[in-house]
Amino acid sequence: MTVWDDLQGQPAVVAQLQQAATGDSLTHAWLFTGPPGSGRSNAAKAFAAALNCDQDDVSRRGCGECHACRTILGETHADVVFVRTEKVTITIDEARELVSTAGNRPSSGRWRIIVVEDADRMAERTTNVLLKAIEEPTPRTVWMLCAPSPADVLVTIRSRCRAVALRLPPAADVAALLVSRDGVDPAVAESAARAAQSHVGIARRLARDAEARQRRLQTVRFPLGLRGITAAVMMADKLVKIATEEANSSNEERDAAEKAALLATLGAPETGTLPPAMRSQVKQLEDDQKRRAKRSITDSLDRTLTDLLSFYRDVLIIQMGNSVELVNVELRSELEDFAGRSGPEVTLARMDAINKARKRITTTNVAPLLTIEAMAAGLV
């Protein structure tokens, strides 16, 4: 096992990063880009582990077995900072703190590494705070920024970073990873990888959670029952509920584990009232979890709309007579019947309505239900 094993379907990226990790000179700023599910954050983490790997033999850097590799992959290494926000944006104060951290020399590893997983969630003013630190980094500091595309990062930052472009891996590679890493049944893994459209994280959740698979199938089948505005409004309400249930299901286990870990770290008593100092820390955690829950519902709703979009994508493929494999292959007969009721122009207009709703939900402070209702009316 090495740190590169989870980067399925990315041979060019692995080769690029391996060469950089074992070379004599190293670029001090990197920009990892790729669509959601491509593994850009995992690539940055693997690269960070390879750079600080304990192996003296450079050809074995990124072994995945040494203390440095294991702690970096577990995000507990003292010299590697992972930045991800549970809010809409990374604040300017958080950016200033990163710059301060980046100025410290590494305490045990070769490099002080800052991994910003949500570089696209920084406003221009916030990004400018990082500019000088990225342009003139301290000698043993490496910046790794992650974003969906180069266009999501200011050109002044982009021009100072070495680009690493990832793509969505083939569904077969994602399925193989689920089988080898998670012990998923091959048939379930194949179905989950295809339904997730090669998004590794979503595929893993679908493969391990039968209820998640059922919620997704319910979403995809909604257009089959659209027969008027009333049905559209009802569909909108159900879509929002499905997204909320999916987000809550994903968060509950994580929230409970975080709280248990905090209480154990604080040495909290198993019974009785917590001391005031402990209560304040637990309250802070709960507040952070509430903020994360709000964003996770937005992200879940976006994913739900992506699942809905896959229905119309398959319809368009059938209408155009394309031989590309369907995402929802189990619904082929129903998709073919639906495709025969309209033309490609209508399907494209419906896909455009969904994409507009996705953009409004993820970039503006709109009421999700009203946005989805307006979208659903355009699907009738």
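Residues numbered from 1 in each chain as written. Predicted model: local features only at pLDDT ≥ 70, side-chain atom pairs only at ≥ 80, totals over all residues. Heavy atoms only, no water.

### A short note on the packing of helix α9 (residues 200–208) against helix α10 (residues 210–221)
Alright, step 1. For the pair α9 and α10, the least separation of the axes is 5 Å and the interaxial angle reads 110 degrees. As the angle between them shows, α9 and α10 are arranged roughly perpendicular. Of the residues in α10, those touching α9 at Arg205, Leu206, Ala207 and Arg208 are Ala210, Ala212, Arg213, Arg215 and Arg216.
Alright, step 2. Tallied by class, the residues present in the contact of α9 with α10 amount to four nonpolar, no polar and five charged. (Axes fitted to C-alpha atoms, helices over the stretch in contact; angles between N-to-C directions. Helix = DSSP H or I, 4+ residues; strand = E, 2+ residues; numbered from the N terminus. Parallel < 35°, antiparallel > 145°, perpendicular 65-115°, else oblique. Contact = heavy atoms within 4.5 Å. Nonpolar A, V, L, I, M, F, W, Y, C, P; charged D, E, K, R; others polar.)

### Looking at the pattern of salt bridges
Alright, step 1. With the rule as written, the count across this model stands at 23 salt bridges.
Alright, step 2. The shortest N-O distance in the salt bridge between Arg194 and Glu330 comes to 3.7 Å. Of this pair, Arg194 sits in helix α8 (residues 186–195) while Glu330 sits in the loop between α12 (276–319) and α13 (332–339); the two residues are 136 residues apart in sequence, bridging distant segments of the chain.
Alright, step 3. Residue Arg194 is classed as buried on the basis of its relative accessible area of 15%. (Salt bridge = Lys/Arg side-chain N within 4 Å of Asp/Glu carboxyl O. Buried < 20%, exposed > 50% of the residue type's maximum accessible area, 1.4 Å probe, protein only.)

### A look at a nonpolar patch on the surface
Alright, step 1. On the surface, Ile229, Val233 and Val380 cluster together into a nonpolar patch covering about 240 Å² of accessible area.
Alright, step 2. Relative to the helices and strands, Val380 resides in the segment after α15 (368–377). (Patch = residues over 30% accessible without salt bridge, like charges linked within 9 Å, V, L, I, M, F, W, Y side chains within 5 Å. Areas by Shrake-Rupley, 256 points an atom, 1.4 Å probe, with all protein chains shown as cover.)

### Considerations on the nonpolar core
Alright, step 1. If you look at the biggest cluster of nonpolar residues, it comprises 35 residues, and the most contacted ones within it are Phe32, Phe47 and Met144.
Alright, step 2. At the level of elements, α1 (11–22), β1 (29–33), α2 (40–51), α3 (67–73), β2 (80–83), β3 (112–116) and β4 (141–147) are the ones that each hand at least two residues to this core.
Alright, step 3. Looking at this core element by element, the count peaks at eight residues for α2.
Alright, step 4. Those residues within four positions of Phe47 in sequence are excluded, and the remaining contacts are Trp4, Leu17, Ala20, Ala21, Leu26, Trp30, Phe32 and Met144.
Alright, step 5. Core analysis: the next-biggest nonpolar cluster, separate from the first, contains 33 residues, Leu308, Val315, Met351 and Leu379 among them. (Core = buried A, V, L, I, M, F, W, Y, C linked by side-chain atoms within 4.5 Å.)

### Some thoughts on the sheet that holds β4
Alright, step 1. In spatial order, the strands read β2-β3-β4-β1-β5; together these five strands make up an open sheet with parallel pairing. Across the chains shown, the open sheet's two edge strands, defined by having one partner strand only, are β2 and β5 (162–165). Recorded for the sheet is a direction-independent mean angle of 15 degrees between the axes of neighbouring strands.
Alright, step 2. Pairing analysis gives four bridges linking β1 to β5, with the strands arranged parallel. Within the sheet, the bridge partner assigned to Leu31 lies in β5 and is Ala163. (Pairing = 2+ DSSP bridges.)

### Structural notes on the packing of aromatic side chains
Alright, step 1. As enumerated under the stated definition, the model contains five aromatic pairs in all.
Alright, step 2. Consider the rings of Trp30 and Phe47, whose centres lie 4.8 Å apart with planes at 70 degrees: the pair is edge-to-face. Of the two residues, Trp30 is situated in strand β1 and Phe47 in helix α2; the sequence distance between them amounts to 17 residues.
Alright, step 3. Residue Trp30 is classed as buried on the basis of its relative accessible area of 0%.
Alright, step 4. Look at Phe311 and Phe338: their rings are 5.0 Å apart centre to centre, the planes differ by 80 degrees, and that puts the pair in the edge-to-face class. Pair noted here: Phe311 is in helix α12 and Phe338 is in helix α13, with a separation of 27 residues, a long-range link. (Phe/Tyr/Trp six-rings, centres within 6.5 Å; stacked < 30°, edge-to-face > 60°.)

### Let's talk about unusual backbone geometry
Alright, step 1. Located in the positive-phi region is Gln197, a residue other than glycine, with phi close to 55 degrees.
Alright, step 2. Mapped onto the secondary structure, Gln197 falls in the loop between α8 and α9.
Alright, step 3. Backbone geometry places Ser198, a non-glycine residue, at a positive phi of 75 degrees.
Alright, step 4. By the secondary structure assignment, Ser198 is in the loop between α8 and α9.

### A look at the environment of Asn104
Alright, step 1. The topology assignment puts Asn104 in the loop between α4 (92–102) and β3.
Alright, step 2. Separated by 25 residues in sequence, Asn104 and Asp79 place their C-alpha atoms 9.2 Å apart.
Alright, step 3. If sequence neighbours within four positions are ignored, Asn104 has contacts with Arg112 and Thr141.

### Some thoughts on the packing of α4 against helix α5 (residues 124–135)
Alright, step 1. Relative orientation of the contacting elements α4 and α5 amounts to 10 degrees, with a least axis distance of 8 Å. Relative to α5, α4 is oriented roughly parallel. Taken together, the residues of α5 that come into contact with α4 (itself represented by Ile92, Ala95, Arg96 and Val99) are Arg125, Thr126, Val129, Leu130 and Ala133.
Alright, step 2. Grouping the constituent residues of the contact of α4 with α5 by class yields six nonpolar, one polar and two charged.

### Concerning α1
Alright, step 1. Between the first and last C-alpha of α1 there are 17 Å, a value that for twelve residues agrees with the 16 Å anticipated at 1.5 Å per step.
Alright, step 2. All of the buried residues in α1 are Val13, Val14, Gln16, Leu17, Ala20 and Ala21. Angularly, the buried residues of α1 cover 165 degrees about the axis, an arc narrow enough to put them on a single face. Facing away from the buried side of α1 by over 90 degrees, the exposed positions are Pro11, Ala12 and Gln19.
Alright, step 3. Against β1, α2 and β5 lie the buried residues of α1. (Expected span 1.5 Å × (residues − 1). Arc of directions from axis to C-beta.)

Keep in mind that these numbers describe shape and distance, not what the molecule does.
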